Amino acid sequence: MPHIVLIGFMGCGKTTVGKQLSKQLSLPFVDTDEWIEKEQGIDINTIFAQYGEPYFRELETQVLKRLCENGKPHVISAGGGLPVQQQNLPYLKKIGEVIYLKANADSLEVRLAQDTKRPLLKEGRLRERIDTLLHERETGYEEAATHIIDTNSMDVGKILEKIVEILE
Ligand code: S3P
């Protein structure tokens, strides 16, 4: 079985869905953000503030590379910016099933309203940041994905069902 990677915008449900999927499939779960935070011993906000975004992106690529080289299948929740970094595309193309959990700006805005963990949403108005980044990234997500699930009208259970259907 190949790796199963969940991609999509911040707040689209990758981690929640990924954790449940890993239980259902009895596969280990990895969240690239959590991996980086654990290894660096600091949180993402601090990494961005102290070392800058390019440094964080390099750490993400290293994590992706290592997962790619790891033959044991995992359910992977990828940070929202990982699939749209050009240098990561070759790895995503060979890592396994890449499932894009597509969500619109309205549902993302609701989910991200109370967020304090994401450095890219700190500046300016939340809805404008979501609109801008989503517009910039949409094509990249679609390009990286092997499957796309439109999650807007789905709860977690339905998304899981859909993923299992795709993997069958
Ligand atoms: C980011 C998404 C975050 C995290 C970092 C940058 C992005 O992950 O990697 O804050 O560029 O979209 P989540 O998508 O898990 O929130």
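Residues numbered from 1 in each chain as written. Predicted model: local features only at pLDDT ≥ 70, side-chain atom pairs only at ≥ 80, totals over all residues. Heavy atoms only, no water.

Some points on the pattern of salt bridges
- For the structure shown, the criterion picks out 11 salt bridges.
- A salt bridge links Glu 53 to Arg 57; the shortest N-O distance between them is 2.9 Å. Here Glu 53 pairs with Arg 57, and both are found in helix H4 (residues 53–69), just 4 residues apart, close to one helical turn.
- For Glu 53, a relative accessible area of 29% puts it in the partly exposed group.
- Arg 127 is the salt-bridge partner of Asp 131, the closest N and O atoms lying 3.2 Å from each other. (Salt bridge = Lys/Arg side-chain N within 4 Å of Asp/Glu carboxyl O. Helix = DSSP H or I, 4+ residues; strand = E, 2+ residues; numbered from the N terminus. Buried < 20%, exposed > 50% of the residue type's maximum accessible area, 1.4 Å probe, protein only.)

Side note on the packing of aromatic side chains
- Taken as a whole, this structure holds 3 aromatic pairs when the rule is applied.
- Their ring planes at 40° and their centres at 5.0 Å tell us that Tyr 51 and Tyr 55 sit as a pair that is tilted.
- Residue Tyr 51 is classed as partly exposed on the basis of its relative accessible area of 46%.
- Judged by centre distance (5.1 Å) and plane angle (40°), the ring pair of Tyr 100 and Tyr 141 falls under tilted. Here Tyr 100, found in strand E4 (residues 96–102), pairs with Tyr 141, found in helix H7 (residues 126–144); they are 41 residues apart in sequence, far enough to count as distant.
- You can call Tyr 141 buried: its relative accessible area is 0%. (Phe/Tyr/Trp six-rings, centres within 6.5 Å; stacked < 30°, edge-to-face > 60°.)

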